[in-house]
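These are the residues of each chain, in order.
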Amino acid sequence: PQDPCATVNADLRAVAALPLRRAHRFAGISTPLGLYPVVDSLPWIERLLSWGVKTVQLRIKNPQDPQLETHIIAAIALGRRYQARVFINDYWQLALRHGAYGVHLGQEDLLTADLAALAEANIRLGISTHGFYELALAMTLAPSYLALGHIFPTATKQMASQPQGLQRLARAVALCRDRPTVAIGGISYDRVASVLATGVSSIAMVSAITQAADPEAVTRQLLARIECRADQE
Ligand code: 3NM
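Position numbers for residues count from 1 along each chain, tracking the sequence in the order it is written. Side-chain atom pairs in this predicted model are given and counted only at pLDDT of 80 or more, local residue features only at pLDDT of at least 70, and totals for whole chains, interfaces and linings cover all residues. Only hydrogens and water are set aside when side-chain values are computed; all heavy atoms of the structure are taken into account.

A. Layout of the environment of Asp109. Note on conventions: DSSP H or I runs of at least 4 residues are helices, E runs of at least 2 residues are strands, and numbering of each starts at the N terminus. With respect to the secondary-structure elements, Asp109 resides in the loop between β4 (102-105) and α5 (115-120). Its relative accessible area of 17% is what places Asp109 among the buried residues. For every residue, the accessible area obtained with a 1.4 Å probe (protein chains only) is divided by the maximum for its type, and the residue is called buried under 20%, exposed over 50%, and partly exposed between those limits.

B. Focus on the UniProt feature "binding site: 4-amino-2-methyl-5-(diphosphooxymethyl)pyrimidine" (unreviewed entry) in the protein. UniProt positions are given in the numbering used here, feature names are shortened, and annotations may be inferred rather than shown by experiment. The feature "binding site: 4-amino-2-methyl-5-(diphosphooxymethyl)pyrimidine" (unreviewed entry), as given by UniProt, occupies Gln57, Leu58, Arg59, Ile60, Lys61, Asn89, Ser128 and Lys157 in the numbering adopted here. Within the secondary structure, Gln57 is located in strand β2 (residues 55-58). When checking whether two residues touch, look at their non-hydrogen atoms; a contact exists if any pair is within 4.5 Å. Excluding anything up to four places from it in sequence, Gln57 contacts Tyr36, Pro37, Val38, Val39, Ile45, Phe87, Asn89, His104 and Tyr145. On the secondary structure map, Arg59 appears in the loop between β2 and α3 (68-81). Other than its neighbours up to four places away in sequence, Arg59 contacts Val38, Val39, Asp40, Asn89 and Lys157.

C. Representation of the environment of Ala213 within the structure. Residue position: Ala213 is located in the loop between α9 (207-210) and α10 (215-231). For Ala213, a relative accessible area of 89% translates into the label exposed. The spacing of Ala213 and Phe132 is 81 residues in sequence and 36 Å in space, taken between C-alpha atoms.

D. Quick look at the sheet that holds β2. Taken in spatial order, the eight strands line up as β1-β2-β3-β4-β5-β6-β7-β8 and close into a barrel, and their pairing is parallel. Adjacent strand axes in the sheet meet at a mean angle of 25°, parallel and antiparallel pairs treated alike. Inspection of the sheet shows strand β5 (residues 124-129) paired to strand β6 (residues 145-148) by four bridges, in the parallel sense. Bridge assignment links Ser128 to a residue of β6, and that residue is Ala147. Orientation is described by axes fitted as lines to C-alpha atoms, over the contacting stretch for helices, and by angles from 0 to 180 degrees between their N-to-C directions. Its contacts with the sheet place helix α6 (residues 132-139) against β5 and β6, and it is angled at close to 160° to β5. Whether two strands pair depends on DSSP finding at least two bridges between them.

E. Broad picture of the nonpolar core. Core analysis: the largest hydrophobic core is formed by 62 residues, its most contacted members being Ile88, Ile187 and Met205. With sequence-adjacent residues up to four places away left out, Ile187 is seen in contact with Ile151, Phe152, Val192, Val195, Ile203, Ala204, Met205 and Ala208. To form a nonpolar core, buried Ala, Val, Leu, Ile, Met, Phe, Trp, Tyr and Cys residues must be joined to one another through side-chain atoms within 4.5 Å. Of all hydrophobic cores here, the second largest spans nine residues; its members include Ile29, Val38, Phe87 and Val182.

F. Up close: the pattern of salt bridges. Every case where a carboxyl oxygen of Asp or Glu lies within 4 Å of a side-chain nitrogen of Lys or Arg is listed as a salt bridge. The final tally for this structure, using the stated rule, is four salt bridges. Two residues, Arg81 and Glu46, come together in a salt bridge whose shortest N-O distance is 3.6 Å. One end of the pair, Arg81, is in helix α3; the other, Glu46, is in helix α2 (residues 42-50), with 35 residues separating them in the sequence. Judged by its relative accessible area of 58%, Arg81 falls in the exposed class. Here Arg97 and Glu69 are joined by a salt bridge, their closest N and O atoms 2.9 Å apart. On the criterion of sequence distance, the pair formed by Arg97 in helix α4 (residues 92-97) and Glu69 in helix α3 is long-range, its members being 28 residues apart. For Glu69, a relative accessible area of 29% translates into the label partly exposed.

G. Local environment of the site of the ligand. Close contacts around the ligand come from 14 residues, with His130, Thr154, Thr156, Gly186 and Ser207 the closest. Polar contacts, as counted here, are pairs of nitrogen or oxygen atoms within 3.5 Å of one another; within protein the pair requires one atom able to donate a hydrogen and one able to accept it, and residues that are adjacent in sequence qualify only if both atoms are side-chain atoms. Separating an oxygen atom of the ligand from a side-chain N or O atom of His130 is a distance of 2.7 Å. Between an oxygen atom of the ligand and a side-chain N or O atom of Ser207, the distance comes to 2.5 Å. In this description, accessible areas are obtained by the Shrake-Rupley approach with a 1.4 Å probe, and a residue is regarded as covered only by the protein chains that are shown. Here the ligand loses 97% of its free accessible area of 420 Å² to cover by the protein chains. Tallied by class, residues from the shell around the ligand come to four nonpolar, eight polar and two charged. Note on terminology: near, applied to a residue and a molecule or strand, indicates that one of the residue's heavy atoms is within 4 Å of it. Classification convention: Asp, Glu, Lys, Arg as charged; Ala, Val, Leu, Ile, Met, Phe, Trp, Tyr, Cys, Pro as nonpolar; all other residues, Gly among them, as polar.

In structure tokens form, the structure reads like this:
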């Protein structure tokens with residue numbers, strides 16, 4: 001049987017050899033990301049920014065969408081208008097072409113995306129991780145933040161991995177030291193306090209906001225709880 005360490009070491013070597021050239025580090029994010037909603041449409045981005053959200057992700061999962069580029073351009077423009085951090089999920093070429101604030105990538109994109117070009121364009125990079133192995137890979141790239149998921153069971157995305165739970169989240173946060181961390185996956189309003197107690201610097205949410213009976217009220221309450229804590233740091 002193949003030695004599992006050999007695979008891990010080969011993967012780590014492949015990532016470490018990525019053509020980062022001069023730009024070895026992505027710009028860090030010095031202010032806490034706070035509440036970080038992940039949404040799939042422009043109206044959601046605009047609504048959230050108008051309610052005071054300062055970090056948001058546009059996650060469009062249909063690459064055939066004829067409006068894809070238009071939506072990405074508009075999302076970037078909204079981010080500038082509201083002085084907010086808008087991350088584009090997946091479509092790093094479009095994000096690069098249109099000068100996005102940030103890009104969020106999954107592990108599968110790390111070996112193909114032009115990370116050097118993103119770093120040189122000063123585009124912030126967030127990376128999804130699921131467990132310590134993916135975290136170790138992602139940390140070799142010194143991204144602007146590390147997303148740690150999925151913490152609890154979630155119906156929003158089909159996951160290949162198991163929920164990490166709060167203990168593993170706390171250990172992962174400790175490993176990330178000063179790098180901003182984002183917890184994601186199954187985080188409801190009622191779980192916010194226990195998630196924040198792990199020391200994670202930000203919370204990403206989909207359904208707790210988009211499926212809420214009153215998304216504006218929930219968002220404002222979440223902002224008060226999550227950003228408030230950040231202000232006290
Ligand atoms: N990424 P909800 S979990 C988009 O673990 C996404 O990488 C995840 O939705 C990851 O807040 C997830 O409704 C879905 O559980 C999060």
